[in-house]
Amino acid sequence: MIAEAQGLRRGMPLADARAICPRLVTHPADLPREAAGLMALRRFTLRYAPLVAKDGSDGLIADISGVPHLFGGEEALRDDLHARFAGAGITVETAIAGSRGAAFALARHGGGIIPDGALKRGIAALPVAGLRIGHEIAGGLIRLGLTRIGDLACQPRAPLVRRFGPGLMMRLDQALGERSEPVAAEPEAPHFGVRMTLPEPIGLQADVMASLLRLLKQLGRKLARHEMGARRLRLELMRVDRETIRIEIGLARPMRDPFRIAALFTRKLEEVDAGFGIEAMRLHAHVTENLPPEQIDDTPDQEDVLADLFSRLGNRLGFQHVQRLLPADSDIPERSFTLSAAAYSQAETRPLRYGPPRPVIIFPPEPVTAVSGHPPVRFRWRRRGYTTLRATGPERIAPEWWFDDPAWRSGIRDYWRIETRQGPRLWLFHTPQAPAWAMQGEFA
Amino acid sequence: MKDYAELCVTSNFTFLTGASHPEELITRAAQLGLAAIAITDRNSVAGVVRAWTALKEMKRSQAEEDTPIVPRDMPLPKFIAGCRLVLTDSPVEWLALPTDVAAWSRLTRLLSLGKGRAPKGECHLGSRDLQEWGRGMILIALPPDPLESGCSHADLRAMGHRFPGFCYLGVAPRYDGRDPLRFDHLERIAHKTCLPMTAVGDVLMHRAARRPLVDVLTCLRIGCTIDDIGLNRLTNGERRLKAGAEMARLFQHHPAAIRRTMDIADRCGFDLGHLRGQYPDEEQDGEPAQDRLERLVREGGIWRYPDGLPPKIAARVETELRLIAELEYAPYFLTVRDIVSFARSKGILCQGRGSAANSVICYLLGITEVQPGSITLIFERFISKERGEPPDIDVDFEHERREEVIQWIYKKYGREHAGLTATVIRFQSRAAIREVGKVMGLSQDVLARMTGLMWGSSSKGPGIGELRAAGLDPNDRRVGLTARLIGEIIGFPRHLSQHVGGFVITQGRLDELCPIENAAMKDRTVIEWNKDDIDSLDLMKVDVLGLGMLTCIRKAFKLLKDHRGLELTLDSFRPDDDPDAPPVYDMLCRADAVGVFQVESRAQMNFLPRMQPRDLYDLICEVAIVRPGPIQGGMVQPFLNRRQKRESVEDLGPELMEVLKGTYGIPLFQEQAMQIAVIAAGFTPAEADHLRRSLATFRRMGTIHRFRDRFITGMLQNGYDPDFAARCFAQIEGFADYGFPESHAASFARLVYISAWIKCHHPAVFTCALLNSQPMGFYGPAQLVRDARDHGVEVLPVSVNHSEWDCTLEACGDGELALRLGLRQIKGMKEEDAEQIAKFRGNGYPDVESLWLRAGIKPEILERLAEADAFVTIGVGRRDALWAARALRSPGMLPLFGADGEGVDEPKVILPTMTLGQEVIEDYLSMRLSLRAHPLEILRRRLPESMVHERLSVMNGRVSVTGLVITRQRPATASGVIFLTLEDETGTSNIVVWRRIYERYRNAIIGGRLLRVTGRIEREGQVVHVIAEKIEDLSLMLANISGPGRIAGNGPPQPSARHPREQAKRLFPSRDFH
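Residues numbered from 1 in each chain as written. Chains lettered and ligands numbered in written order. Predicted model: local features only at pLDDT ≥ 70, side-chain atom pairs only at ≥ 80, totals over all residues. Heavy atoms only, no water.

Counting its secondary structure elements, chain B contains 45 helices and 23 strands. Expressed as a percentage of its 1074 residues, the buried residues of chain B come to 61%. Restricting the contact set of chain B to residue pairs at least 6 apart, pairs at least 24 apart contribute 73%. Carbon and sulfur atoms form 51% of the exposed surface of chain B, whose accessible area is close to 41,400 Å². (Helix = DSSP H or I, 4+ residues; strand = E, 2+ residues; numbered from the N terminus. Buried < 20%, exposed > 50% of the residue type's maximum accessible area, 1.4 Å probe, protein only. Contact = heavy atoms within 4.5 Å. Areas by Shrake-Rupley, 256 points an atom, 1.4 Å probe, with all protein chains shown as cover.)

This is the structure in structure tokens:
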């Protein structure tokens, strides 16, 4: 709104917008999220009409036939809707009209209500662009001076059809209510939740497990129908004393196999205090992913076994604590790998690496003392003395200059591979800009 | 210190790879005491001349200066010009170092071959090509790292067999901990392939501090940000130039590899100074060049002076001819003459300028039109033996027909003998900010803000103030780094482009001198060196330039012939003794110069009334003085004061006064400044000229102050005023890039006179020719048309029944000529369609459909014509015509059902009529001009406080003016002052915006199309300025001219419904000059 007051408009090139408003803050459009938001609003709007459909990428159309009297008239309905949306912090523009086309035009050019029978008069002053006719045709009409719907409606039809095609007349008729246009609401998205009310409160762990299994089977069928698998599940146990216990588990891969999922619940159910008994249960898979049907075979897949392990560990320790190493593109030893939650990342094989060999174990630099010689002939590390058998190097690595890493403030490092008489093959470095030696790795 | 020669150095002429200028590398090599350094860029020799020139400059500085760049006792490195050949069919790269001129020629031919096969900027060569052409070059193989990939040695062995004794194996340290192992591996390969091992540094930068820049360049090359560079970064800064001792330490187990570099350096006997451009001998039918030149000069004498040569001229011709004979420059003059006479034969107007054009011979040969008597011909400027520099003549041609001349040159000399010089496109601040900022991960928003703050193409990085204004914290580490890198990358070459028209022509093959590559433009071939390089190597070149005004003048001559029966040529004007000259000068003195060559710029227009030119020499001064050189040197005000006798001419001694007497003791021309250096500062002529030509090099090497000190001390010693000395030097600096020699100014001044003459005596013809030569000059069609109407020319609207593609002239009842706008003024119109319309016109088209039926004009074009209101002469208005055109658009329409066929008449449609405002806006949308009304006329009643321009001249004190912005200028010389020109329905007003005001109203000034300026009136002679104090952007009002409709009031989803001001920007464009 503030941007529009400054003179910015939709469809304006970014550079132009910036020229007008240099302080403009921009964010790239997130179309899937916007669409999802619109769908949420659509669900909300269902309280005003049984049929609500998406209308373009930025609007909703509701067929309110027979509804207004429930709210005390059209005006009251519109006020109620505006008040509720305003309460939720959403600015909307709405229009009520006798035809879908007229409502579309009015909602996008001021909003309001066109009373019954006044359709033609009501939309006469609106710009032709409101007719859902595309920029090209609208532009053509405007160039001829036919800028308002009223200008168009009073012209002979045949010449207009000849010049702009039949589409224009169709849209005009639809707006004037001379051609019907139904509202087609799209189907609801599937809801992966199941519930069960028990005739008698239960308290035994085995009973709860048995009920859970029944719920899981039911949910599994529902998931299978939509070729989906659960990633997170929430189980709600309603106790007789009106307390609700919530248990949530995560899965390292999408799954719908009741038995394997049930196994993950076991440990958490053990800790549940059933009180005077549980009288109802609800299970909801609130995070789901695509899981196409697979051919059944008996040998368990290596990947799946690993994923099940992650699920078990993750539900016990927290998924963020089960991590794996991933290779990273950097010649700085500390940054040549990254840690990432195992359940949310894919294993990567280390790309074929060129360049000098790297130790098997890398650890944070540790001080090396009592160094004599360059490269060291004798030195102490971890309270043991070492004598050098052979030293190879130096490999000079300079810090990544764009990245201020406290560990690298000592400047460039000269790395040496040192085979010791004592056996270990070690990876030491020297920092010539702040002379000191440190140990950072061990070769196999 | 160990002797070592660095044989593998990549400069920043390997674009987006090397991180040091060739000059920096050479200087650093000298400081490190290297015995020799080679510049070996990837498939290119574009940077070698820079390095060679820098070395020459260091030598000169050691020999001549008290505090040379490199201490006198330090031996300078030897420079080896070479190339790193990257082959398409082999992983092995080869350093090619020519040992003699013949080998150099083979190298450049090899490169030309590869470049000829590839698109611009690339070079496709195979091992077979190298085997064929590689004789006489030292070839150092750089195989891929043997520790990483096994590679067959067949390539190495084959090359070794082909060129025994010339092939080596290059070994470069990598400093990755495996160098000893690597050296051993390579030594084994060396033994196996019999290629002796030699050490190379594989240098990318002159100091390790350039490592960040290398990484940024790598990111630019592969297109990623610095955080994603990963393993492509430079792990350490070891790929820098290293001293011999350090290389010896790295190669301590292979001392022979170090020693061998010295052997190789000794074998490379080729020096770029050995290159001699053998100029074509220009013999014709067995007649030697000198004889032919003398014959042509004699013939020219009879043509120019039918009554016989005046004795003074004849003597001068004799000396000039003798000097030319002595220096054997006759072929060069003949080349230029031939080009000019070719152009003449085709009716292409042309005119020569440049130092060598400053001669009687050029006048007699028809190269220039400047009469020898009208300017002072300083003989030394013509050509001089001491300087040993080649003569220099630039020839301007009509810009629309220059391509004919270029192709003729290619045809006459052949593509192996003629090529255009290159221009090095360098990183300027905007590009640097954009690209480095992107690499450093700054957001698009921030970058846009930062570049938006830079005006024009400056060569400075962003300062702390700019960073803050862009919303960045200059103390942030990353921001600081980015700013530093931007500063470093500015001036780096980015790619080669073609020079506007500098031709190098040779007798032998040009590609034996320098590689030739394809240009982006079809049918053009370009050499790898630019103008400065050509100058440094003393190669001769001819500049074939395009000049819009010549096109305009030719068109005007044609119109004068057709409509007035006047046969005019460039030489039929006598600016000093024409009977119709006084009105022309009167007009110029009034600063009535819209469209006149050179003097139409804002600064010139201000200057004209103060200058009061009355003859050609005044015009010459006028052209020369409003240039960066004299302005920087502060020469303008004293010149005017002395001319207006408000200040007496100070006596500078007889010698200087001889030089400066014509210009009131003020140096205006290049040669005058040079002569001051000689006479007053004690330079030798060669030094003075060297100074002027090498200023660019000095700036890059940071040694300019040495010359300044010497110059000023020299002048002080000879008893000149320190202030005057400083001004003279400032002017020489300015001249380096923009100065005019006198003959050059004289050539331009003639064009000023000719164009002013046409404007004064035939304003309709002048405007018509100008419109037909667009785009050119400072003003757009709207201003030109308006100026013509102010001068009483009737301008007729575009009409399908009258207009051609070009604008035309129609005779009016009173014998005057009226200007009919051509179809070319309509946006989106094509020339073929316009020709069709004219061809099938017959007795005129009765309606819109007949154009479609008879001329076959597509409905889309008909719509454009309708929008331009071109049917108004047949009584069909804009919207009705559009309505009719639209009907033809529907698919499947057959003429049978049209008005001519059996179709039933359509019901009549009444379209809303347009308001005047809408018509004006439509005119501007379609043609960028309107004959109906000025937009301000419609807005006037809403601007009661604004002064009409007409009344400015009688006003005093504070006023408000409102107008469309026509031009915005920020001259580099005016220290941040901006000049705006505002146009209203009565004329244009000049606004001066001081820096302080600019800072405050920056957005309005940069973005606004309609401005209201409040400020003080200032008068200087006849010129009235408004010194801005307050500036308001009223562009929004433009949108409301048309009322609701086309521009405003449409719903948001329509893309054409932009912000009104943005719309206004497209409607009323201004021309901005930086």
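A few words on the overall build of chain A. Counting its secondary structure elements, chain A contains 14 helices and 17 strands. The C-alpha radius of gyration computed for chain A amounts to 34 Å, which surpasses the reference 22 Å derived for 444 residues by more than 25%, pointing to a less compact arrangement than a globule. Over its C-alpha atoms, taken along the principal directions, chain A stretches across nearly 105 × 70 × 45 Å. Residue burial in chain A is summarised as follows: out of 444 residues, 43% are buried. Partitioning the contacts of chain A with sequence separation of at least 6, the portion at a separation of at least 24 is 52%. Carbon and sulfur atoms make up 54% of the accessible area of chain A, which totals about 24,300 Å². (Rg over C-alpha atoms; globule rule 2.2 N^0.38 Å.)

The next point concerns the pairing of strand β18 (residues 958–969) of chain B. Residues and elements named next belong to chain B. Taken across its twelve residues, β18 has eleven buried, putting it largely inside the fold. Of the strand pairs in this sheet, β18 and strand β19 (residues 978–984) are connected by five bridges, and their pairing is antiparallel. Bridge pairing in β19 links L964 to E983. (Pairing = 2+ DSSP bridges.)

We now examine the nonpolar core. If you look at the biggest cluster of nonpolar residues, it comprises 137 residues, and the most contacted ones within it are L141 of chain A together with L865 and F871 of chain B. Non-local contacts of L141 of chain A, meaning those with residues more than four positions away in its chain, are made with V128, I133, L146, L152, L160, F164 and L168 of chain A. (Core = buried A, V, L, I, M, F, W, Y, C linked by side-chain atoms within 4.5 Å.)

For chain A, the assigned domains are domain 1 (2–175), domain 2 (193–316) and domain 3 (361–443). If you average the C-alpha positions of domain 2 of chain A and of domain 3 of chain A, the two centres end up 52 Å apart. (Domains from an automatic or database assignment.)

The full count for this structure, using the stated rule, is 23 aromatic pairs over all chains. A centroid spacing of 4.3 Å and a plane angle of 25 degrees characterise the contact between Y415 of chain A and W427 of chain A, whose relative ring orientation is stacked. Within this pair, whereas Y415 of chain A is found in strand β15 (residues 413–420), its partner W427 of chain A is found in strand β16 (residues 425–430), the two being separated by twelve residues in sequence. Residue Y415 of chain A shares its accessibility class with W427 of chain A, and that shared class is buried. When the ring of Y415 of chain A is compared with that of F429 of chain A, the centres are 5.1 Å apart and the planes differ by 50 degrees; the resulting orientation is tilted. Linking Y415 of chain A in strand β15 with F429 of chain A in strand β16, this pair joins segments that are 14 residues apart in sequence. F429 of chain A shares its class with Y415 of chain A; the two are buried. An aromatic cluster is defined as three or more aromatic residues linked by ring pairs; in this entry it consists of F557, F573, Y585, Y753 and W757 of chain B. If you follow R382 of chain A out to its NZ or CZ, it ends over the ring of F363 of chain A, 4.9 Å from the centre. (Phe/Tyr/Trp six-rings, centres within 6.5 Å; stacked < 30°, edge-to-face > 60°. Lys NZ or Arg CZ within 6 Å of the ring centre and 35° of its normal.)

A few words now on unusual backbone geometry. Put simply, H374 of chain A and P375 of chain A share a cis peptide bond, and its omega is -5 degrees. Along the polypeptide, P375 of chain A turns up in the loop between β12 (369–372) and β13 (378–381). Despite not being glycine, E328 of chain B has its phi angle at roughly 60 degrees, a positive value. Here E328 of chain B lies in the loop between α11 (311–327) and α12 (330–345). What makes E328 of chain B exposed here is its relative accessible area of 62%. Even without being a glycine, Q612 of chain B presents a positive backbone phi close to 50 degrees. Considering the arrangement of structural elements, one finds Q612 of chain B in the loop between α23 (602–611) and α24 (616–625). Note on Q612 of chain B: relative accessible area 33%, which makes it partly exposed.

Attention now moves to a nonpolar patch on the surface. All names here are of chain A. There is a patch of nonpolar side chains on the surface, built from L306, L309, L313 and L317 and spanning about 310 Å² of accessible area. Structurally, L313 can be placed in helix α14 (residues 302–317). Residue L313 is classed as partly exposed on the basis of its relative accessible area of 33%. (Patch = residues over 30% accessible without salt bridge, like charges linked within 9 Å, V, L, I, M, F, W, Y side chains within 5 Å. Salt bridge = Lys/Arg side-chain N within 4 Å of Asp/Glu carboxyl O.)

Residues and elements named next belong to chain B. Across the sheet, seven strands lie side by side as β8-β9-β14-β11-β10-β13-β12; this open sheet has mixed pairing. Since the sheet does not close on itself, it has two edges, and those belong to β8 (350–353) and β12 (516–518), each with one partner. When strand polarity is set aside, the average angle formed by the axes of neighbouring strands in this sheet is 45 degrees. Sheet analysis places β12 next to strand β13 (residues 525–530), joined by three bridges and oriented antiparallel. (Axes fitted to C-alpha atoms, helices over the stretch in contact; angles between N-to-C directions.)

Attention now goes to the environment of E318 of chain B. Its place among the elements puts E318 of chain B in helix α11. With 208 residues separating them along the chain, E318 of chain B and L110 of chain B place their C-alpha atoms 45 Å apart.

Turning to the packing of helix α8 (residues 134–143) of chain A against helix α39 (residues 878–887) of chain B, a few remarks are in order. Where α8 of chain A meets α39 of chain B, the axes come as close as 9 Å, and the angle between the chain directions of the two elements is 145 degrees. Residues E136, G140, I142 and R143 of chain A of α8 of chain A lie in contact with α39 of chain B, whose contacting residues are R879, L882 and R886 of chain B. Here the contact of α8 of chain A with α39 of chain B is composed, by residue class, of two nonpolar, one polar and four charged. (Nonpolar A, V, L, I, M, F, W, Y, C, P; charged D, E, K, R; others polar.)

Residues and elements named next belong to chain B. Here chain B averages 82 in pLDDT, and 89% of its residues register 70 or above. For chain B, helix α45 (residues 1060–1067) is the element with the lowest average pLDDT, namely 47, and strand β7 (residues 197–199) is the one with the highest, namely 95. Note that residues 1044–1064 has pLDDT below 50 and, in this model, 50 contacts with residues that lie over four places away or in other chains. Here the prediction assigns the complex a pTM of 0.76, and the interface score ipTM is 0.71. (pLDDT = per-residue confidence, 0-100.)

What follows deals with α8 of chain A. Within α8 of chain A, seven of the ten residues are buried, leaving the element largely enclosed by the surrounding structure. Within the sequence span of α8 of chain A, burial applies to I137, A138, G139, G140, L141, I142 and R143 of chain A. If you follow the buried residues of α8 of chain A, they end up packed against α9 (149–153), α10 (157–164) and α11 (166–175) of chain A together with α38 (859–867) and α39 of chain B. Immediately beyond the C-terminal end of α8 of chain A, within one or two residues, lies G145 of chain A, with a positive phi of roughly 90 degrees.

In this section: a positive patch on the surface. All names here are of chain B. On the surface, K827, K830, K858, R864 and R928 cluster together to form a positively charged patch. Relative to the assigned elements, K858 resides in the loop between α37 (848–855) and α38. Accessibility expressed as a relative area gives 49% for K858, which makes it partly exposed. (Lys, Arg positive; Asp, Glu negative; His and termini not counted. Charge placed at Lys NZ, Arg CZ, Asp CG, Glu CD.)

Okay, the pairing of β13 of chain B next. All names here are of chain B. Within β13, six of the six residues are buried, which leaves the element mostly enclosed by the surrounding structure. Of the pairings in the sheet, the one linking strand β10 (residues 418–426) to β13 comprises two bridges and is parallel in character. Directly across from L420, in β13, lies its bridge partner V526. Where β12 folds back onto β13 in an antiparallel hairpin, the turn is made up of six residues, including D523, whose phi is positive at roughly 65 degrees.

Looking now at the packing of helix α34 (residues 763–772) of chain B against helix α35 (residues 781–790) of chain B. Residues and elements named next belong to chain B. Relative orientation of the contacting elements α34 and α35 amounts to 170 degrees, with a least axis distance of 10 Å. Relative to α35, α34 is oriented roughly antiparallel. When α34 is examined against α35, the residues T767, L770 and L771 are found in contact with a partner set consisting of P781, L784, V785 and A788. (Parallel < 35°, antiparallel > 145°, perpendicular 65-115°, else oblique.)

Our focus in this paragraph is the pattern of salt bridges. Per the stated rule, a full pass over the model turns up 88 salt bridges over all chains. Residue R260 of chain A pairs with D308 of chain A through a salt bridge whose shortest N-O separation is 2.7 Å. Placement of the pair is R260 of chain A in helix α13 (residues 258–270) and D308 of chain A in helix α14, with a sequence separation of 48 residues. Measuring nitrogen to oxygen at the nearest pair gives 2.8 Å for the salt bridge that ties R820 of chain B to E810 of chain B.

The next point concerns the state of the cysteines. Residues and elements named next belong to chain B. For the structure on display, the rule yields zero disulfides over all chains. The thiol sulfur of C589 is not disulfide-bonded, and the nearest other cysteine sulfur, from C760, lies at 11 Å. Note on C589: relative accessible area 5%, which makes it buried. (Disulfide = S-S within 2.5 Å.)

Residues and elements named next belong to chain B. The strand order across the open sheet formed by three strands is β15-β17-β16, and the pairing between neighbours is mixed. Every other strand in the sheet has two partners, leaving β15 (795–796) and β16 (808–811) as the edge strands with one partner each. On the sheet, α34 packs against β16 and β17 (817–820) and is oriented at approximately 20 degrees with respect to β17.

Here we take up a negative patch on the surface. Together, E74, E75, D79 and D116 of chain A give the surface a local cluster of negative charge. Mapped onto the secondary structure, D79 of chain A falls in helix α5 (residues 74–87).

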